[in-house]
Amino acid sequence: MSELEQQLQTLRVEAETALAGCADLAALTQLKAKYIGTHGAVTAVLKALGRLPKEDKPRVGKLANEVKNTLATAFAARQEELESHISHLQSQMDTTLPGRRHRLGRLHPLTQIFEETVRIFRRMGFAVEDGPEIEDEWHCFDALNTPSDHPARDIQDTLYVDLPPHAKYGRYLLRTHTSPVQIRTMLRHQPPVRIIAPGRVFRRDNPDATHSPTFHQIEGLYVDRNVSVADLKGTVEFFFKQLLSPDTQVRFRPHFFPYTEPSFEIDLSTPHFRARGKEWIEIAGCGMVDPHVFKAVGYPDDAYTGWAFGFGIERLAMVQYGITDIRLFTENDVRFLEQF
Ligand code: DAH
């Protein structure tokens, strides 16, 4: 077998293999050009026939034509196959159908309250602070003037978790309020301190329409020289009027918290709440930071005063939006969420 015949056989096998793996029309056109186009490899052999000895010409010429024709037929067949596949796909596609709309999501109602609260307090020069949801007993209770035999610890006891080996501050638990963020902030910063701390908290509660073992609070803390109860009342009143409506009324009732002295509970009333049948809703605890707390974080005696507050946002959102079941906040039902 001559060298040209050998070459033709190789080209045929090569072209047929390439064709078998060819999946689109563009690639097919390229293959065709490579083998049987004007500058193709098989065409080149046909052109070289003239240089062969006379007795070889008919045999090799016959083979060359055979290879060229076989390939041309195979290319045409493959082209037809690919084209019919495309037109089949097109026939299955209804281009007159309306497009699929991407539904835009919304912020969760509690996130909206968080963000609005942060916006209002930022304008008054407050920074946002954060703390861990798994907190140690010292930050959660002791430093907040709540010793281990204090009854407030029983009603707030949540889930205790195993001590990490490096634990310095007693046992760890799911934090029962955002107040430990006050401690963490004061340990890191000297006054003036002006912060709010939104976050998730946990309680030992059986879930029902108005109780949830997990909910959210926003803590506030302001420490400087000569901070007074008047600052507390003014700030809280301004904040709730901004958040809810200018005709919001705010009422302070004496109360007790271990970490503030004096302490108050804050009630709110708005025409909107009253229309929903709620005269006053109890929304927050607050007071003037107890000197024991300053002592725990190492602030100098008598140099500073400060106020703190903490309020739960689920209750506020429920009255504001007329939500009757607290569990709706965590069920992730779009029919609920898309209403806000
Ligand atoms: N930590 C309290 C609670 O979980 C709320 C609270 C009361 C926060 C008084 C404060 C405060 O900062 O001063 O119910």
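Here the residue numbers are simple positions, counted from 1 along each chain's written sequence. Residues qualify for local features only when their pLDDT is at least 70, as the model is predicted, and side-chain atom pairs are given and counted only at 80 or more; totals for whole chains, interfaces and linings, by contrast, use all residues. The side-chain quantities take in all heavy atoms of the structure and omit both hydrogens and water.

Q: Can you tell me about the overall build of the protein, naming the residues and giving the values?
A: For helices the rule is a DSSP run of H or I covering at least 4 residues; for strands it is a run of E covering at least 2, with both sets numbered from the N terminus onward. Across its full length, the protein carries 13 helices and 10 strands. For the protein, whose C-alpha radius of gyration is 39 Å, the value lies well above the compact-globule estimate of 20 Å for 340 residues. In terms of its C-alpha atoms, the protein occupies a principal-axis envelope of roughly 120 × 50 × 40 Å. Summary of the burial criterion: residues with accessible area below 20% of their type's maximum are buried, those above 50% are exposed, and those between are partly exposed, where the area comes from a 1.4 Å probe applied to protein chains only. Here the protein holds 340 residues, and the buried ones make up 44% of them. Just so you have it, the protein exposes about 19,300 Å², and 52% of that area is on carbon and sulfur atoms. We compute the radius of gyration from the C-alpha atoms alone; for a globule the expected value is 2.2 Å times N to the 0.38, where N is the number of residues. Here the open area of atoms and residues is found with the Shrake-Rupley method and a 1.4 Å probe, where only the protein chains shown may cover a residue.

Q: Give me the packing of helix α1 (residues 3–20) against helix α4 (residues 57–91): which residues, what numbers.
A: Between N-to-C directions, angles cover 0 to 180 degrees, with each direction set by a line fitted to C-alpha atoms, over the stretch in contact for helices. Running from N to C, α1 and α4 point in directions that differ by 5°, and their axes come no closer than 10 Å. Considering their axes alone, α1 and α4 lie roughly parallel with respect to each other. Residue-level inspection shows L4, E5, L8, Q9, R12, A15, E16 and L19 of α1 in contact with α4, the latter providing R59, V60, L63, A64, E66, V67, T70, L71, A74, F75 and R78. The classification used treats Ala, Val, Leu, Ile, Met, Phe, Trp, Tyr, Cys and Pro as nonpolar, Asp, Glu, Lys and Arg as charged, and all other residues, Gly among them, as polar. Across the contact of α1 with α4, the residue classes tally to 11 nonpolar, 2 polar and 6 charged. By definition in this entry, angles of less than 35 degrees are roughly parallel, angles greater than 145 are roughly antiparallel, angles of 65 to 115 are roughly perpendicular, and the rest are oblique. Here a residue-residue contact requires only that any non-hydrogen atoms of the pair lie within 4.5 Å.

Q: Break down the site of the ligand for me, with residues and values.
A: Residue proximity to a molecule or strand is established when one non-hydrogen atom of the residue lies within 4 Å of it. With respect to spatial proximity, 15 residues lie near the ligand, and among them H177, Q182, R203, E219 and Y259 are the closest. A distance of 2.8 Å separates a nitrogen atom of the ligand from a polar side-chain atom of Y259. Pairing of N or O atoms within 3.5 Å defines a polar contact, subject to two protein rules: one partner must be a possible hydrogen donor and the other a possible acceptor, and residues neighboring in sequence count only if both atoms are side-chain atoms. Within the contact set of the ligand, an oxygen atom lies 3.3 Å away from a backbone nitrogen or oxygen of A308. Relative to its unbound accessible area of 350 Å², the ligand is 92% covered by the protein chains. When the residues that make up the shell around the ligand are grouped by side-chain class, the tally is 5 nonpolar, 8 polar and 2 charged.

Q: Tell me what's going on with helix α8 (residues 180–188), and back it up with residues and numbers.
A: Taken together, the buried positions of α8 are occupied by P180, V181, Q182, I183, T185 and M186. Among the structural elements, β2 (134–136), α6 (137–140), β5 (193–202), β6 (214–224), α11 (291–296) and β10 (305–312) are those in contact with the buried residues of α8.

Q: Which residues make up unusual backbone geometry, and what values go with them?
A: Here P191 and P192 are connected by a cis peptide whose omega angle stands at 0°. Positionally, P192 belongs in the loop between α8 and β5. In this structure, P262 follows E261 across a cis peptide bond, with omega equal to -5°. Here P262 lies in strand β8 (residues 260–269). The phi angle at N226 is positive, at roughly 60°, despite the residue not being glycine. Note on placement: N226 falls in the loop between β6 and α9 (229–243). Even without being glycine, N332 reaches a positive phi, approximately 55°. For N332, the position within the fold is in the loop between α12 (313–321) and α13 (334–337).

Q: Give a detailed account of the nonpolar core, specifying residues and quantitative values.
A: F240, I266, L268, I283, F311 and L316 are the most contacted members of the largest nonpolar core, which totals 42 residues. Among the elements that take part in this core, helix α5 (residues 109–123) stands out by supplying 6 residues, more than any other. Those residues in contact with I266 that sit more than four places away from it in its chain are V236, V250, R251, F252, I281, E282, I283, A284 and C286. Nine residue types can take part in a nonpolar core, namely buried Ala, Val, Leu, Ile, Met, Phe, Trp, Tyr and Cys, and a core is a set of them joined through side-chain atoms within 4.5 Å. Among the nonpolar cores identified, the runner-up in size contains 21 residues, and A15, C22, V60 and A64 belong to it.

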